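Examination of the molecular architecture
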Amino acid sequence: MGSVGVLALQGDVREHLATLSALGVESARVRTPGELDGVDALVLPGGESTAIAHLLVTSGLRGPLGERLESGMPVLGTCAGLILLAREVLDGRADQWGYGALEVTVRRNGYGRQVASFEAPLELADGSSVPGVFIRAPRILACGPRVEVLATYAHGEGPDPVLVRQGPVWGASFHPELTADTTVHRLFVESL
Ligand code: GLN
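Below, the structure is looked at part by part.

Rules of the game
- Every chain is numbered on its own, with residues counted from 1 as its sequence reads.
- Reporting in this predicted model follows two pLDDT cut-offs: at least 70 for local features of residues, and 80 or more for side-chain atom pairs to be given and counted; totals over whole chains, interfaces and linings ignore these cut-offs and use all residues.
- Heavy atoms throughout the structure, all of them, feed into the side-chain values; hydrogens and water do not.
- Burial status follows relative accessibility: with a 1.4 Å probe on protein chains alone, a residue under 20% of its type maximum counts as buried, one over 50% as exposed, and anything between as partly exposed.
- Elements are defined by DSSP. Helices are runs of H or I of four residues or more, strands are runs of E of two residues or more, and each kind is numbered from the N terminus.
- Two strands pair under a simple rule: DSSP has to find at least two bridges between them.
- We call a residue near a molecule or strand whenever a single non-hydrogen atom of that residue lies within 4 Å of it.
- Contacts described as polar in this section are N or O atom pairs within 3.5 Å, which, within protein, must combine one atom able to donate a hydrogen with one able to accept it, while residues neighboring in sequence count only if both atoms come from side chains.
- Definitions used for this entry: grid spacing 1 Å over protein atoms alone; cavity, a set of points where a 1.4 Å probe fits but cannot get out; pocket, an open set with protein on both sides within 12 Å along at least 5 of 7 lines; lining residue, one with an atom within 4 Å of a point.
- Assignment to a cavity or pocket requires that more than half of a molecule's atoms be within 2 Å of the site's grid points.
- The aromatic pairing rule takes the rings of Phe, Tyr and Trp, using the six-membered ring of Trp, and pairs them if the centres are within 6.5 Å, calling planes under 30 degrees apart stacked, those over 60 edge-to-face and the rest tilted.
- When the NZ atom of lysine or the CZ atom of arginine is within 6 Å of a ring's centre and also within 35 degrees of its normal, the charge is said to sit over that ring.
- It is the directions from the helix axis to the C-beta atoms whose arc is reported.
- Contacts are assigned to residue pairs with any non-hydrogen atoms lying within 4.5 Å of each other.

Here we come to the pairing of strand E11 (residues 160–166). The element E11 is extensively covered by neighbouring structure, given that six of its seven residues are classed as buried. Of the pairings in the sheet, the one linking strand E10 (residues 148–153) to E11 comprises five bridges and is antiparallel in character. Along E11, the bridge assignment pairs Ala-151 with Leu-163. With antiparallel pairing between neighbouring strands as the criterion, E10 and E11 make up a hairpin whose turn holds six residues. Taken together, the four bridges between E11 and strand E12 (residues 169–172) define a ladder with antiparallel strand orientation. Residue pairing in the sheet places Gln-166 in a bridge with Val-169 of E12. With antiparallel pairing between neighbouring strands as the criterion, E11 and E12 make up a hairpin whose turn holds two residues, including Gly-167 at a positive phi of roughly 60°.

In structure tokens form, the structure reads like this:
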């Protein structure tokens with residue numbers, strides 16, 4: 001496995017780099033098309049999806065990243081990163097664009113503004129649990145037939161899918177980089 005990039009335009013970049021380095025994985029910030037060329041996989045961090053989308057355009061990365069996604073580069077999008085990968089985004093800004101690489105429908109801030117942030121245990125497919133930190137999180141409302149659900153969040157109206165995968169494209173509605181638990185990054189890295 002080569003190096004895993006972290007898209008470093010906006011959002012919680014450092015935390016992803018720290019988690020990857022805790023796993024002993026070679027990682028690098030990606031801010032330019034040249035830096036994108038140097039990585040074999042990419043993490044799209046949490047932050048603000050509209051801000052990251054804007055910076056993808058101004059950095060010249062929008063097109064090159066789209067091409068890498070089409071050629072099957074593995075990606076893990078967390079929170080805002082998931083929104084950028086989703087096929088359909090509800091409650092987006094009128095001009096909000098995304099890559100549509102993951103056949104899911106998400107609602108931005110889909111857990112409501114009153115509970116802007118919360119923590120909850122999440123259940124992995126093997127029955128184990130990982131901590132989930134949700135910050136103005138997108139809610140996954142629907143998944144296409146090719147989408148595998150790897151973790152769920154059980155709550156009153158749930159369970160909701162919160163970690164999903166469609167081949168090389170992974171999305172998490174929570175922030176696995178904000179806890180000491182490295183499970184999600186480890187699963188992603190092991191798939192490379
Ligand atoms: N609500 C944010 C957005 O729409 C995502 C929040 C996050 O990444 N923590 O981009």
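This next bit is on the site of the ligand. All residues in the neighbourhood of the ligand are listed as Gly-46, Gly-47, Glu-48, Ser-49, Cys-79, Ala-80, Ile-83, Arg-108, Asn-109, Ile-135, Arg-136 and His-175. Interatomic distance of 2.9 Å between a backbone N/O atom of Gly-47 and an oxygen atom of the ligand. Between Ser-49 and the ligand, the recorded distance is 2.5 Å, taken from a backbone N or O atom to an oxygen atom. The cavity that encloses the ligand is the largest pocket.

With that settled, the discussion passes to the packing of aromatic side chains. Each aromatic ring pair is summarised here by two numbers: the centre-to-centre distance and the angle between the ring planes. Enumeration according to the criterion identifies nine aromatic pairs in this entry. Note on Tyr-111 and Phe-134: the rings are 5.6 Å apart at their centroids and 70° apart in plane angle, and the pair reads as edge-to-face. Here Tyr-111 is found in the loop between strand E6 (102–107) and strand E7 (117–124), whereas its partner Phe-134 is found in strand E8 (residues 129–135), with 23 residues between them in sequence. Each of the two residues, Tyr-111 as well as Phe-134, counts as buried. Each member of the aromatic cluster is reached from another via a ring pair, and the members are Tyr-111, Phe-118, Phe-134, Tyr-153 and Phe-174. In this structure, Arg-62 is placed above the aromatic ring of Trp-97, and the distance from its NZ or CZ to the ring centre is 3.7 Å.

With that settled, consider helix H3 (residues 49–58). The set of residues buried in H3 consists of Ser-49, Thr-50, Ile-52, Ala-53 and Leu-56. Along the long axis of H3, the arc covered by the buried residues comes to 165°, so they all point the same way. Exposed side chains of H3 directed beyond 90 degrees from the buried face belong to His-54 and Thr-58. Where the residues of H3 are buried, they touch strand E1 (4–7), helix H4 (62–70) and helix H5 (80–85).

Note that every value here comes from positions in space, so none of it alone points to a role or purpose.
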